[in-house]
Amino acid sequence: MAQLAVEDEECAEKEISDATAERYDGALAAIQRLLKIRGVRSYVVHTIVLRLFSDGRPFPLGQCERHAPELVVRSDAGWVAATVTMGPRSGCYLVSIPNGPDLQTVRSGHPEKVANLILAAQPGERA
């Protein structure tokens, strides 16, 4: 039972408003455009949780929770090369590169720095 309470608290911390999700989408789209120009493919993952509650009515009641979108960059071989999301408090880009340094933060006004971090971690050289 205690584990369930911890999971519920973690989910509540991740929930964001629709307006915040749209703002994050715009920030991630800037990085996506910069990567596309350099030939790197990426996509944005949107997670929406729908919790259904049944009180005996023919149609269940539900609660919808939206989580922060995440930009996923894949290598040519299909491996996840990087993930980027937005910091819930700071609004900074949070960049995670597997087999790279720890989670890196970049101020939200600098999508080019995020793109450069990702490109530097890619094997080979992009045009």
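Residues numbered from 1 in each chain as written. Predicted model: local features only at pLDDT ≥ 70, side-chain atom pairs only at ≥ 80, totals over all residues. Heavy atoms only, no water.

Things to note about the overall build of the protein chain
Turning to step 1, where the next piece is worked out: Helix and strand counts for the protein chain come out as three helices and eight strands.
Turning to step 2, where the next piece is worked out: Each helix and strand of the protein chain, placed in order from N terminus to C terminus, yields the pattern α-β-α-β-β-β-β-β-β-β-α.
Turning to step 3, where the next piece is worked out: The 127 residues of the protein chain split such that 31% are buried.
Turning to step 4, where the next piece is worked out: Long-range contacts, defined as pairs at least 24 residues apart, comprise 44% of the intrachain contacts of the protein chain with a sequence gap of at least 6.
Turning to step 5, where the next piece is worked out: Here the protein chain displays about 8,600 Å² of accessible surface, and carbon together with sulfur accounts for 54% of that area. (Helix = DSSP H or I, 4+ residues; strand = E, 2+ residues; numbered from the N terminus. Buried < 20%, exposed > 50% of the residue type's maximum accessible area, 1.4 Å probe, protein only. Contact = heavy atoms within 4.5 Å. Areas by Shrake-Rupley, 256 points an atom, 1.4 Å probe, with all protein chains shown as cover.)

Here we look at helix α2 (residues 18-37)
Turning to step 1, where the next piece is worked out: An ideal rise of 1.5 Å per residue puts 28 Å on 20 residues; α2 measures up with 29 Å between its terminal C-alpha atoms.
Turning to step 2, where the next piece is worked out: Those residues of α2 not exposed but buried are Thr20, Ala21, Tyr24, Ala27, Leu28, Ala30, Ile31 and Leu35.
Turning to step 3, where the next piece is worked out: Backbone geometry just downstream of α2 places Gly39 in the positive-phi region, at approximately 85°. (Expected span 1.5 Å × (residues − 1).)

A word on the layout of surface pockets
Turning to step 1, where the next piece is worked out: What the largest pocket holds in volume is close to 280 Å³.
Turning to step 2, where the next piece is worked out: Along the wall of the largest pocket there are 14 residues; nearest its centre are Lys14, His67, Ala68, Thr85 and Met86.
Turning to step 3, where the next piece is worked out: When contributions to the lining of the largest pocket are tallied by element, the ones reaching two or more residues are α1 (2-14), β1 (15-16) and β6 (80-86).
Turning to step 4, where the next piece is worked out: Partitioning the lining of the largest pocket into residue classes produces seven nonpolar, three polar and four charged. (1 Å grid on protein atoms, 1.4 Å probe; cavity = no way out; pocket = protein on both sides within 12 Å on 5 of 7 lines; lining within 4 Å. Points joined across faces, edges and corners; volume = space filled by probe spheres on them. Nonpolar A, V, L, I, M, F, W, Y, C, P; charged D, E, K, R; others polar.)

Details of helix α3 (residues 111-121)
Turning to step 1, where the next piece is worked out: Here α3 has its buried residues at Pro111, Val114, Ala115, Ile118 and Leu119. The arc that holds every buried residue of α3, seen down its axis, measures 135°, which confines them to one face. (Arc of directions from axis to C-beta.)

Digging into the nonpolar core
Turning to step 1, where the next piece is worked out: Ile31, Leu35, Val84, Tyr93 and Val114 are the most contacted members of the largest nonpolar core, which totals 22 residues.
Turning to step 2, where the next piece is worked out: The set of elements that each furnish at least two residues to this core consists of α2, β5 (70-74), β6, β7 (93-96) and α3.
Turning to step 3, where the next piece is worked out: Here this core takes six residues from α2, the largest share from any one element.
Turning to step 4, where the next piece is worked out: With sequence-adjacent residues up to four places away left out, Ile31 is seen in contact with Leu71, Val84, Tyr93, Pro111 and Val114. (Core = buried A, V, L, I, M, F, W, Y, C linked by side-chain atoms within 4.5 Å.)

Some thoughts on the pattern of salt bridges
Once the charged atoms of two side chains with opposite charge are near each other, the side chains can pair.
Turning to step 1, where the next piece is worked out: With the rule as written, the count across this model stands at one salt bridge.
Turning to step 2, where the next piece is worked out: One salt bridge in this structure joins Asp18 and Arg66, with 3.3 Å as the shortest N-O distance. You can see Asp18 sitting in helix α2 and its partner Arg66 sitting in strand β4 (residues 61-67), a full 48 residues away along the chain.
Turning to step 3, where the next piece is worked out: Look at Asp18 and you get partly exposed, because its relative accessible area is 47%.
Turning to step 4, where the next piece is worked out: Residue Arg66 is classed as partly exposed on the basis of its relative accessible area of 22%. (Salt bridge = Lys/Arg side-chain N within 4 Å of Asp/Glu carboxyl O.)

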